[in-house]
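Per-entry structural report
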Amino acid sequence: MSDGLAGLRVLSFGTAIAGNVTAMALAELGADVVKIESPLRPDPLRVRIYPDLPRVVEPDGAETNIMFAGFSRSVRDVALDLKSPVDLDTFGALLAVADVLIDNFATGVLDRWGLGPDRLAAINPRLVHVSVSGYGRTGPKAHHLAYGSNINAFLGLSRVWAPHGTQFDYTAVGHALVAMLAGLEQRDRTGRGVAVDLAQTEAGGAVMAPLYLDYLVNGATGVPGPNEVPGAMLSGVFPCRGDDEWLAVELEDLADWEVACALLDRPDLSGRPDAVDDMREAFTTWCAGLTPHQAMFRAQRAGLAAGAVQDSEDLFLDAQHRARGFTVTVDHPDLGPLDYGAPIHRFSRTAVGIRHPSPRVGQHTAEVVAEWLGRLP
Amino acid sequence: MADAGPLAGRRVVDLSGEMGGYGTRLLAELGADVVLVEPPGGLPQRTRPPLRAGCTGPEASLVFAYYHSSKRGVTLDVTRPAALPLLSALAGSADAVVLAPSRRAPVVGLDPDARAVSWAPAGAVVVCLTPFGLSGPYRDLRATHLTSYAMGGLMKRMGPPGGPPRAVPYQQMHDQLALHGAFAVLAGWRDHAVVGGQFVELSLHELIGGQDDQLDRYAAAFDIAGRVPATQAPPTGVWRCLDGFVEVLVHNPPHWRGFRTLIGAPPELADPAFEQRGARLQRRAAILPLVADRLARLPVAELVERGQALGVPCAAVNEPAGFVDDPQPAARDYWRTTRHPVLGAVRTPGASFRSTPALLAHRSPAPMLGEHNAAIWCGELGFAPDALTTWREDGLV
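In this text the structure is predicted, and so the values were computed from the model without any measurement.

This part takes up the sheet that holds strand β2 (residues 32-37) of chain A. The strand order across the open sheet built from 7 strands is β5(A)-β2(A)-β1(A)-β6(A)-β7(A)-β8(A)-β14(B), with neighbouring strands paired in mixed fashion. The open sheet has two free edges, formed respectively by β5 (76-79) of chain A together with β14 (354-356) of chain B, since each of these has just one partner strand. Along the sheet, successive strands turn relative to each other by an average axial angle of 20°, direction set aside. Alignment of strand β6 (residues 100-103) of chain A against strand β7 (residues 128-133) of chain A, held across 4 bridges, turns out to be parallel.

Each domain of chain B was delimited in the assignment, giving domain 1 (11-211 + 334-393) and domain 2 (232-324). Each of domain 1 of chain B and domain 2 of chain B has a C-alpha centre, and these two points are 42 Å apart.

This part covers the pairing of strand β1 (residues 9-12) of chain A. Residues and elements named next belong to chain A. Relative to β2, β1 is paired through 4 bridges, and the arrangement is parallel. When the sheet's bridge partners are listed, Leu11 is paired in β2 with Val34. Between the parallel pair β1 and β2, the chain is carried across by helix α1 (residues 16-28), and the sense of this crossover is right-handed. Two elements, β1 and β6, share 3 bridges in a ladder whose sense is parallel. Across the sheet, the residue bridging to Val10 is Val100, located in β6.

Turning to the interface of chain B and chain A, a few remarks are in order. Each partner contributes to the interface: chain B provides 123 residues, whereas chain A provides 116 residues. It is helix α5 (residues 172-190) of chain B that contributes the most residues to the side of chain B that touches chain A, 11 residues altogether. Here 2 bridges tie strand β14 (residues 346-347) of chain A to strand β8 (residues 198-203) of chain B, and the two strands are oriented antiparallel to one another. From the neighbouring strand, A:Phe347 faces β8(B), where its bridge partner is B:Val200.

Right, let's get into helix α11 (residues 254-263) of chain A. Each α-helix winds once per 3.6 residues, and so residues spaced three or four apart point in a common direction. Residue and element names in this part refer to chain A. Within α11, burial applies to Asp256, Trp257 and Ala260. Taken end-on, α11 shows its buried residues confined to a sector of 105°, consistent with a single buried face. For α11, the exposed residues lying more than 90 degrees away from the buried face are Leu254, Ala255 and Ala262. If you follow the buried residues of α11, they end up packed against β10 (246-251) and α12 (276-288). Looking one or two residues beyond α11, the residue adopting positive phi is Asp265, at roughly 55°.

Moving on, we get to the sheet that holds strand β9 (residues 237-240) of chain B. All names here are of chain B. The 3 strands lie next to each other as β9-β10-β11, forming an open sheet whose pairing is antiparallel. The open sheet has two edge strands with one neighbour each: β9 and β11 (314-316). Each neighbouring strand pair of the sheet contributes to a mean axis angle of 25°, computed without reference to strand direction. Lying over the sheet, helix α12 (residues 300-309) contacts β10 (245-248) and β11, oriented at roughly 160° with respect to β11.

The domain boundaries assigned to chain A delineate domain 1 (9-208 + 325-373) and domain 2 (246-308). Centre-to-centre, using C-alpha coordinates, domain 1 of chain A lies 44 Å away from domain 2 of chain A.

So, on to the nonpolar core. Ranked by size, the top nonpolar core spans 229 residues in total, and within it A:Val10, A:Leu247, B:Val97, B:Val127 and B:Val246 carry the most contacts. Top element by residues in this core is helix α8 (residues 167-190) of chain A. It accounts for 12 residues. If we ignore the near neighbours within four places in the chain, the residues touching B:Val97 are B:Val13, B:Ala91, B:Val117, B:Ala120, B:Ala124 and B:Val126.

Conventions we followed
Residues numbered from 1 in each chain as written. Chains lettered and ligands numbered in written order. Predicted model: local features only at pLDDT ≥ 70, side-chain atom pairs only at ≥ 80, totals over all residues. Pairing = 2+ DSSP bridges. Helix = DSSP H or I, 4+ residues; strand = E, 2+ residues; numbered from the N terminus. Axes fitted to C-alpha atoms, helices over the stretch in contact; angles between N-to-C directions. Domains from an automatic or database assignment. Right-handed = clockwise from strand over helix to strand, strands pointing away. Contact = placed C-beta atoms within 7 Å. Buried ≥ 20, exposed ≤ 12 C-beta atoms within 10 Å, placed from the backbone. Arc of directions from axis to C-beta. Core = buried A, V, L, I, M, F, W, Y, C linked by C-beta atoms within 7 Å.

Right, here's the structure in full:
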């Protein structure tokens, strides 16, 4: 096995989900990822988000919680106050020997510290800087603050789907990871650094392209209804036995339609793919007496694409996750042992895994400065 | 305009169809030579709406045209053993192979237990995308984007409280998996000097299950999270305004102080305790009508501009067309118009990310069905034109 991205030095100002999860994914593939955190204003993700869980404080007084712990495993933590000239110097020294810088600050924050694009390039001309923002670093909304839910609304998803807070953080993560390694390829070929301006609204728009194409090309403003899969014979969720229990089903083509007729014992619907309302009714009747998992396994055995609409408890108990060892326990010094989802990239020859629990603020300051710079902080 | 791109000279064989298409498209935009391998009748995605108005047939889908632009394309029935020599030839000089096998579309030569593909060269990075992974009790279950989202745990939190849960439309979870597939290709290449080729497995069920701290949240308190709006601390959420809707996210005390100013600093909300989300959640019933009343008097554009000036993360709740017509993407020249031989001018989202220097570029329109069969099978791989004719008659190509 190899340590994958070992030798790659990454400095991350990444906060919230988009920044932290990107940094964590790199660290779990072996990169040396150092989270730079202000001792005065630690990562906002550390602040307790679930009022029902106890407030947990690190020995030095900073908060931590399960969300931060789940999204910032395996990175090391260096505490620097960039408003202090001494710490700014230390940051510059670290940056000079780094390969990658990640940030998802509001537009203008780096400039205020004197770390605009020209300065970064002067400190390290080979730097790959991945800068993630809501709307991009240029244009009339460059300075707009944006969390995932704001982006969801702006893109039209709150209208056609639901208000949601994190969907477009995770799409940013995937793009940031690709942009970073592509930037390193470019740097290795040219010897020159790369600056990436990743707008979550643009990356989000790219993966939601089918939602816009009809308007962009045909000028049509129609959008699919709830759980409607354009092109499918039938798609939707059906209430099952119990409260708020559902089965998701999609009949992709005529063959599926015929299988459904047999499964639901509705030979009268055979060869009548336009009888969608009747088929919906048949599924509703059939599901009413079954649990979501009963219905899923029976439909799957017949050969249909069907899935129980699982909740977090189902997921915790999920036979597939348990069989594949996806749920792993990490013992955190302040939070105790907790279960997390393991890294998803399963390489046959590159070692991927959780290196250590999420760090305390400044936990590795002395260690990283010594390793990277050969001196005391 | 980017030059040949950072991946110029890299070759990728793409059997990942609808599930992996977004990731291989990015590799193609980065300069790799990506060859899409489709069944002889074309991918089912070729009929996926929306279609170009007035168009029918295998080139009509705007979705296919978008997801497979910048690639070349051949046809081959990869479920049949007869495809093995063709796959060996095609992949012979490939640096990466991306697969998305399923019960309906198996890939010949893939040994799921050994995590190996017989026809892939030893030095290639092979990335395998599946709904559930290549092991475990669910590995052979059928799945679509909708059912995967349902199984993954996120869907149960989406939609109206008490009403049916809602899946995110279209295929963005597939695209997220595809992005991680592209990342795995690039990471595998970085590690190539040390380990050579390798096999990478990615499960959509794990990608979704790892999001939104679902597992750790349950493990921490054995609480089951419900629909999202029921658990928000006000004023986070969607609000009706004078001429539309605005979405607000108030996460920290400065956000709250800005928001309070935005709605005219009502004395009922003056208590500094409200800076904490917990306090606002407790007094939710009292806060909601007050906020609703203030926001209902103001137009969306003014709210967003003033709110942002006060440091409140907020945005207009757009229709999809509202995003397309917004000045921000226009100012950044986001939308891209390209020409397709059948569809004509096609306007789509442009580069997924910007960079200096530019790394991504549109290279060519999506391949027409079997467009590069002769050029690749015969021209590049040296098979006789007669063989191609025979394969066609046999339904292999």
